[in-house]
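A structural walkthrough
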Amino acid sequence: MTPSLVTFSLIAVYSAMAVYTLAFIAFTVDLAKRSSAAPVAVAATTASSSAAGRATALLERVVTDQPLAAGRSRALKAAMALTTIGWALHASAALFRGLAAGRVPWANMFEFSLTATAIIVGVFLAVQFWQDLRFLGAFIVGFCLILLGLASVNFYVDVIPLPDALQSAWLVIHVFVAILGTSFFALGAGLSVTQLLQARREAGRGGPGFLATLPSAEALENLAYRVILIGFVFWTFTLIAGAVWAERAWGRYWGWDTKEVWTFIIWTIFAGYIHARATRGWRGSRSAVLAIIGFSAVMFNFTVVNLFFKGLHAYSGL
Amino acid sequence: MSSSRPSDHYDSPEPIAQPKLGVGGYLRFFWRQLTSMRTALFLLLLLAFAAIPGSLVPQRSSDPNGVVQYSTENPDLYKVLDWFGVFNTYGSVWFSAIYLLLFVSLIGCVIPRTRHHFIALRARPPKTPARLERLAAFTSRPFVANTGTADAATAVDTAARLLKKQGYRIEVFDDSVSAERGYLRETGNLVFHTALIGVLISVGVGGGFGYTGQRVVVEGQKFVNVLGDYDSFNPGRFFSGDALDPFRIALDKFTVKYELENQDAIGQATNFTASVTTTEPGSDPRQTEIKVNSPLDIGGSQVYLLGNGYAPTLVVRDPDGNVVWTDSVPFLPQDANLTSVGVIKVPDGLAEQVGMVGFFYPTAAETGSGALTSAYPDLVVPLLTLRVYTGDLGLNAGEPRSVYALDVATLTPVAGKGSDLPSLELSPGEKVDLPNGLGSIELTDVKRFASLDIHHDPSQVWVLAFALLVVAGLLTSLFIPRRRVWVKVVAGSIEYAGLARGEDPTLEAAVEDLAQKHAAALSLRLKS
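About the cut-offs
Residues numbered from 1 in each chain as written. Chains lettered and ligands numbered in written order. Predicted model: local features only at pLDDT ≥ 70, side-chain atom pairs only at ≥ 80, totals over all residues. Heavy atoms only, no water. Helix = DSSP H or I, 4+ residues; strand = E, 2+ residues; numbered from the N terminus. Rg over C-alpha atoms; globule rule 2.2 N^0.38 Å. Buried < 20%, exposed > 50% of the residue type's maximum accessible area, 1.4 Å probe, protein only. Contact = heavy atoms within 4.5 Å. Areas by Shrake-Rupley, 256 points an atom, 1.4 Å probe, with all protein chains shown as cover. Lys, Arg positive; Asp, Glu negative; His and termini not counted. Charge placed at Lys NZ, Arg CZ, Asp CG, Glu CD. Salt bridge = Lys/Arg side-chain N within 4 Å of Asp/Glu carboxyl O. Buried area = accessible area lost by both parts, 1.4 Å probe. Polar contact = N/O pair within 3.5 Å; in protein donor to acceptor, adjacent residues only side chain to side chain. pLDDT = per-residue confidence, 0-100. Pairing = 2+ DSSP bridges. Axes fitted to C-alpha atoms, helices over the stretch in contact; angles between N-to-C directions.

**Some points on the overall build of chain B**
A tally of helices and strands in chain B yields ten helices and 24 strands. Compactness check: chain B gives a C-alpha radius of gyration of 37 Å against a globular reference of 24 Å for 528 residues, more than 25% above the reference. Its C-alpha atoms give chain B principal-axis dimensions of roughly 125 × 65 × 55 Å. Within chain B, the fraction of its 528 residues that count as buried is 48%. Intrachain contacts of chain B at a sequence separation of at least 6 include 63% that bridge at least 24 residues. Total accessible area on chain B stands at roughly 26,500 Å², and carbon and sulfur atoms take up 58% of it. In chain B, 45 side chains carry a positive charge and 53 a negative one; their mean positions are 19 Å apart.

Set out below in structure tokens:
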């Protein structure tokens, strides 16, 4: 029973990776098409808003429905369809893995990566119902593809029972919420990178042509902010849930374990990001850089800290 | 509004004049600097940065052995880093300075904002601006008042009712309604920041009243919560000895479950259970369990199961067969298969003082080189080997000695490494003679021991309560929009306008929605 489920899971992982690869290609084709088709003079649509917005509160107009026909590109539609199929395979891989192990599929580095990437892509797909963020497809799918590939090749371990310290309901809550937070930070990072590129272009310093089909830097910043806020709430919860669990399992709620330290660092960086939005001179590109640093810290915490740092969160299984 | 926020808040106007400053002026200037957004942001990011070194080198608090190892491997670097307090990063002067400054800055921000918010909570919505079309969100609907001002009054009244129903605080003027909502946003913001201060104070002050202690208990033995019964004890700063809650814990049985089916994890321990009987004054003894992830709450303290191992029970007899020493000695596990090392000291009753270093193998096996090792953590083929030494154990000098260490440098080996005889080997139930006619030793039983951590931290619930307030404050401050809206009847149309206070991405949609609902309600009222 179990070996076959594990095999199903692996087959699904590799199929998902193949489909994601196609989706990634389609996303980049879409970006390339946008570049070639983009009208030259779409810039400077929002240049006037800063002067008007000075004295009153924040004049935010989230530009969601771009007037351009880019959203109807066939490549983009194909990319989204492929991503959805890939995600279905990916999710079933995580599901089979969980069934094979008889527990949640996030108890070692391979499973973390498998499930985290599935949730990131899932959040990316779900978020489209709220805002059209399909232009982040290449970033998100490419990122998850790399992580999934690394995990399958380098981090793979067989299903083994949970060590005693992980046998807790908090494993389900704490880790799941941490991954959800990571997903929103990933989207925020993608938006912030785009924002930086867009700001460069708006300043007349050039950049890839497809930027002309994307929202303005200010709109991107507002989107990034909203996405990261959600991530920040999840991260705060992760921190507290982790402390409650640590009290149960290790006898103290906070002990500056390496993983705890990095979770704290990430929380502080994003707290800084939120304050940066309200600080003169820090809005715009500077806060975008903070968001990117924050997400880099998340990835550092997930990879380097898990694999190379000594600490109590030694559950990579490697 | 601007006065309550730091002067460099995004919403505040640009500073203009730079007057000359006296001493008081400079103090105020530095206070303003400290409580400015920019400084707070800088301190916040500096705090994140300053936390990094503590994750790169071992910390005394969480990994004392790692620090010792670091000092032997990198003696020069160790001295430099130690001078900076990097091995105690989170208690170091510089780290403390950053977060204390940050919290002072925070307090300097929270107090004026709280004062301002109290005033705002009691204030009425402001007068309707003259030119609504200049506001961030604006829309209008055509409206022609038929019968003088009566229709206009109805329109205003309808708007007032509608806004009230939507949770706005309203103020009706002649031809317009001014409304404000979302006061909870600022309340949440203040709760969030105040609760952070609460967490810091609970941790800093409350933690000082607690204690942590460790005790190894062998099956069949008991632990009484008095200072003398602890193996090690770390009191908080304000701890006094009489704060120990009276209770007793007897370890009846310690069971370990091993994975037997999964080929990839044979022998992995999947469950540790300490079955204990607890006694508290004034109540009957109670049988319960302590597990990993499931500590025992007793008398205001928590008892955690943090370690375990084997404790061989040994009996030492003199040449005449009289028992001179017997004990269950906890052996410290050395690897995953519980190869364990322990020390036996027999100071009295034999011709000489005898010390022994024992190696215990729960499932003894030979490695390729012929050395013994343990192949499995459970008791399958248990074997105890003993190196025997004679001489002065140093117990009579009055110096405290670790029960887990034997200084063999001053002793004479009589069996095992350094002597002519091989180590003594014992299986459970076996008895062998000690060398030189000293007597005999018998391994009567192998018990398990549990290593218990007893924690008492009265501030813990406070930290949790403040942490929950942090989340509650965060949610309300981030997701409740604070906004003002106005509905105004002008010639030929009704104007609707909204102004966000703080982040409010849905303002325009809300104003548009208001216009739609109001127009619908109004036409209904005018028709009837």
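**A word on the pattern of salt bridges**
All names here are of chain B. In total, this model carries 25 salt bridges over all chains according to the counting rule given. In this structure, R141 engages E512 in a salt bridge whose closest nitrogen and oxygen atoms are separated by 3.0 Å. Of the two residues, R141 sits in strand β1 (residues 137-142) while E512 sits in helix α10 (residues 507-527), which places them 371 residues apart along the sequence. Relative accessible area serves as the criterion here: at 21%, R141 is assigned to the partly exposed category. By relative accessible area, which is 35% here, E512 ends up partly exposed.

**Quick word on the interface of chain B and chain A**
A common way to state how big an interface is: give the accessible area lost once the parts meet. Taken together, the contacts link 68 residues of chain B with 60 residues of chain A. Carbon and sulfur atoms supply 63% of the area that chain B and chain A bury against each other, a total of about 5,400 Å² over both sides. Three residues, Y10, N293 and E503 of chain B, lead the burial of chain B against chain A; their summed loss comes to 14% of the area buried on that side. The tally of links between chain B and chain A comes to three salt bridges. On the surface where chain B and chain A come into contact, there are 13 residue pairs in polar contact (both at pLDDT 80 or more). Only α2 (37-50), α3 (53-56), α8 (183-206), β8 (269-279), β11 (301-317), α9 (460-479) and β24 (493-500) of chain B provide two or more residues apiece to the side of chain B that touches chain A.

**Considering the confidence of the model for chain B**
Scored by pLDDT, chain B comes out at a mean of 88, with 97% of its residues at no less than 70. This complex was scored by the predictor with a pTM of 0.86 and an ipTM of 0.85.

**A few points about the sheet that holds strand β23 (residues 483-490) of chain B**
Residue and element names in this part refer to chain B. Spatially, the five strands line up as an open sheet ordered β1-β24-β23-β3-β2, and their pairing is antiparallel. Unpaired on one side and paired on the other, β1 and β2 (169-172) mark the two borders of the sheet. Across this sheet, the average inter-strand angle for adjacent strands is 15 degrees, counted without regard to direction. Two elements, β23 and β24, share eight bridges in a ladder whose sense is antiparallel. Along β24, the bridge assignment pairs V490 with S493. Across the face of the sheet, α10 comes into contact with β1, β23 and β24 while running at roughly 150 degrees to β24.

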